[in-house]
Amino acid sequence: MAVRRLKDKIFEVGAIDFDRRLFDELIPLPEGTSYNSYLVQGSDKTALLDTVDPAKVSSLVENLNELSIEKIDYIIAHHAEQDHSGSLPFILELFPMAKVVTNAKCKEMLISLLLLPEEKFIVINDREILSLGDKTLEFIFAPWVHWPETMLTYLKEDKILFTCDFFGSHLAAAPLFVTDQPHVLRSAKRYYAEIMMPFRTSIKQHLEKLKTVDFTIIAPSHGPVYDQPEMIMDAYADWAGDQVKNEVVLPYVSMHGSTQEMVEYLINALIARGIVVKPYNLSRTDIGELAMDLVDAATIVIGTPTVLVGPHPLAAYAALLANALRPKTKFASIIGSFSWGGKMVEMLSAAISNLKVTVIEPVIAKGAPREAEYAALDNLADEIKKSHQAAGIV
Ligand SMILES: Cc1cc2nc3c(=O)[nH]c(=O)nc-3n(C[C@H](O)[C@H](O)[C@H](O)COP(=O)(O)O)c2cc1C
């Protein structure tokens, strides 16, 4: 591993995980990730901002050795999740004089998650200052990005905002700073969709609050550092804002082809009406891509056969996921096929009850679709177009 210099006396000393392919046993990581840990050396005190995933603690230790660090006074814990905090017990053994600086909520969580002793902590309040000598840290609480204890640190003299998960991206990249903006924005959007989207309301408030902080660099704990922070601030304002796009996300599954035929017909009907459609065959889809498209789409249509009374389990999973991620989607519908009966529509509708959507009449075929169902699918496409027009996005 390599030490990456951010500014004078400020280094990234964490780990780039090029190989990791799954996060939280759920989220695909097509491009790996990084666990950024920052070392800030003031004239009097040295602070380490977050640690790394415990699987990568050796990289952090190697980097600290490379810089010949003999003393760490403070370890700032922005977030209790173990990909940032999990190496704390080990680092506290290596640097026994170090204190963990964090808020009361994070302290409580770190004690319960990592069994850290009470006396290792210094508890700080929102907007409290910690001097390192010629460098000053200010703590800014930012709850719910994405846990209740999350906070940020502003390094005043260098105008750096350390944001931990906020504004992060799962992207293993060797350069410390953003070099390929569109690439990083795509990774950051995927990250937003998978991790941050359920907290859209809190995010909007934090974005407002940060307008009063004079920073020129955003240093997150996953992915590259932004030296043009407006790029990611603007993107977050767009993603978290209320504006939807003229798009239909269409997650579907079909065992024997009937639902598939309906999906293909609807895709063409939507295209013919000037609507962007993003189909996802759930038997082979990357759920991160699906989540990313849910960030902006005005409408979601789920396609599924009836299986053992309810939706196909893959469709139920997609519905559960959309319901948990709570995108700003405004309209929803269901299409699918059955043979003898069941409660597929009722069960799927209940599964997306968190979404604040207007439901457009589902189209369900008995067996293979016929003229009546094709006409109903045309009608569904018309209704979606009308809804998008009424929402002012066409
Ligand atoms: C494992 C399995 C369970 C099914 N359970 C039901 C059911 O509970 N109710 C029903 O009406 N049809 C049920 N079906 C029939 C399918 O819903 C029907 O064949 C439908 O047309 C399949 O759509 P597809 O071609 O898109 O896969 C079941 C089929 C399979 C394979």
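Up top is the structure these notes are about.
Quantities reported herein were computed from a predicted structural model and do not represent experimental measurements. All residue numbers here refer to positions counted from 1 along the written sequence of the relevant chain. Given that this is a predicted model, residues contribute local features only at a pLDDT of at least 70 and side-chain atom pairs are listed and counted only at 80 or more, while totals for whole chains, interfaces and linings are drawn from all residues. With hydrogens and water stripped out, all remaining heavy atoms of the structure feed into the side-chain values.

Caption draft 1: Spatial organisation of the nonpolar core. Residues belong to one nonpolar core when they are buried, are Ala, Val, Leu, Ile, Met, Phe, Trp, Tyr or Cys, and are joined through side-chain atoms within 4.5 Å. Type-normalised accessible area, obtained with a 1.4 Å probe on protein chains alone, sets the label of each residue: buried when under 20%, exposed when over 50%, and partly exposed for intermediate values. Phe166, Phe167, Tyr192, Ile203, Leu210, Tyr226 and Tyr236 are the most contacted members of the largest nonpolar core, which has 60 residues in total. The contact criterion used throughout is that any non-hydrogen atoms of two residues lie within 4.5 Å. Those residues within four positions of Tyr192 in sequence are excluded, and the remaining contacts are Met197, Arg200, Ile203, Tyr236, Trp239, Ala240 and Val295. If you look at the next biggest cluster of nonpolar residues, it comprises 28 residues, including Phe11, Leu48, Leu64 and Cys106.

Caption draft 2: Fine view of the pairing of strand S17 (residues 245-252). The buried fraction of S17 is high, at seven of eight residues. As paired elements, S17 and strand S19 (residues 297-307) share four bridges and run parallel to each other. Across the sheet, Val249 pairs through a bridge with Ile300, a residue of S19. Only strands joined by at least two bridges in the DSSP assignment are considered to pair. Helix and strand definitions here come from DSSP, where helices need a minimum of 4 consecutive H or I residues and strands a minimum of 2 consecutive E residues; each element is numbered from the N-terminal end. Summarising the sheet, S17 and strand S18 (residues 276-281) pair through six bridges and their orientation is parallel. From the neighbouring strand, Val248 faces S18, where its bridge partner is Val277. If you view a crossover with the strands going away from you and the path from the first strand over the helix to the second runs clockwise, you call it right-handed. At this point the chain moves from S17, through helix H8 (residues 258-272), to the parallel S18, and the crossover so formed is right-handed.

Caption draft 3: Structural context of the sheet that holds strand S7 (residues 38-41). An order of S1-S2-S7-S8-S9-S10-S11 is seen for the seven strands of this open sheet, with the pairing classed as mixed. Looking at the sheet topology across the chains shown, the edges are occupied by strand S1 (4-7) and strand S11 (121-123). Across the sheet, the axes of successive neighbouring strands diverge by a mean angle of 25°, strand direction being ignored. Inspection of the sheet shows strand S2 (residues 10-12) paired to S7 by three bridges, in the antiparallel sense. Considered in S7, the bridge of Phe11 is made with Leu39. Axes here refer to lines fitted to C-alpha atoms; in helices the fit is confined to the stretch in contact. Angles between the N-to-C directions go from 0 to 180 degrees.

Caption draft 4: Geometry of the packing of helix H5 (residues 181-196) against helix H7 (residues 230-240). With their axes 11 Å apart at the nearest point, H5 and H7 run at an angle of 40° to one another. Considering the angle they form, H5 stands oblique to H7. Handedness of the H5/H7 crossing: right-handed. Across from Gln181, Val184, Leu185, Ala188, Lys189, Tyr192 and Met196 in H5, the residues of H7 making contact are Met231, Ile232, Ala235, Tyr236, Trp239 and Ala240. Each angle gets one of four labels, with under 35 degrees taken as roughly parallel, over 145 as roughly antiparallel, 65 to 115 as roughly perpendicular, and the rest as oblique. Helix crossings fall into two classes, left-handed where the near helix is turned counterclockwise from the far one by less than a right angle and right-handed where it is turned clockwise.

Caption draft 5: Structural view of the environment of Ala272. Looking at where Ala272 falls in the secondary structure, it is placed in helix H8. The class for Ala272 is exposed, based on a relative accessible area of 64%. Linking Ala272 and Ala381, residues 109 residues apart in sequence, is a C-alpha distance of 9.2 Å.

Caption draft 6: Here's a closer look at a negative patch on the surface. Among the surface-exposed residues, Asp8, Asp44, Asp134 and Glu157 lie close enough to one another that they form a single negatively charged patch. As for its position among the elements, Glu157 is in the loop between strand S14 (151-155) and strand S15 (160-164). Glu157 sits in the partly exposed class, given a relative accessible area of 42%. Put simply, a patch holds well-exposed residues, over 30% relative accessible area, that have no salt bridge, with like charges counted together within 9 Å and Val, Leu, Ile, Met, Phe, Trp or Tyr side chains within 5 Å. To measure how exposed things are, a 1.4 Å probe is used in the Shrake-Rupley method; for residues, cover is taken only from the protein chains shown. A side-chain nitrogen of Lys or Arg and a carboxyl oxygen of Asp or Glu constitute a salt bridge if their distance falls within 4 Å. Counting rule applied: Lys, Arg positive; Asp, Glu negative; His and chain ends not counted. A single reference atom marks each charge: NZ on Lys, CZ on Arg, CG on Asp, CD on Glu.

Caption draft 7: Highlighting the pattern of salt bridges. Per the counting criterion, the structure on display carries 23 salt bridges. Across the salt bridge formed by Glu194 and Arg190, the nearest N and O atoms sit 3.5 Å from each other. Of this pair, Glu194 and Arg190 both sit in helix H5, four residues apart, roughly one helical turn. Owing to a relative accessible area of 13%, Glu194 belongs among the buried residues under this scheme. In this structure, Glu383 and Lys386 form a salt bridge, with 3.1 Å as the shortest nitrogen-oxygen distance. Within this pair, Glu383 and its partner Lys386 are both found in helix H12 (residues 371-390), separated by three residues, close to a single helical turn. For Glu383, a relative accessible area of 27% translates into the label partly exposed. Judged by its relative accessible area of 48%, Lys386 falls in the partly exposed class. Among the ionic contacts, a cluster of salt bridges with common partners joins Arg186, Arg190, Glu194, Asp286 and Glu289.

Caption draft 8: Structural view of the sheet that holds S14. The strand order across the open sheet formed by five strands is S12-S13-S14-S15-S16, and the pairing between neighbours is mixed. Sheet topology places strand S12 (129-131) and strand S16 (217-220) at the edges, where each strand pairs with a single neighbour. Here the strands of the sheet are splayed against their neighbours by 25° on average, with no regard to which way each runs. Sheet topology places S15 next to S16; four bridges connect them, and they run parallel.

Treat this as a map of the structure, not an account of what it does.
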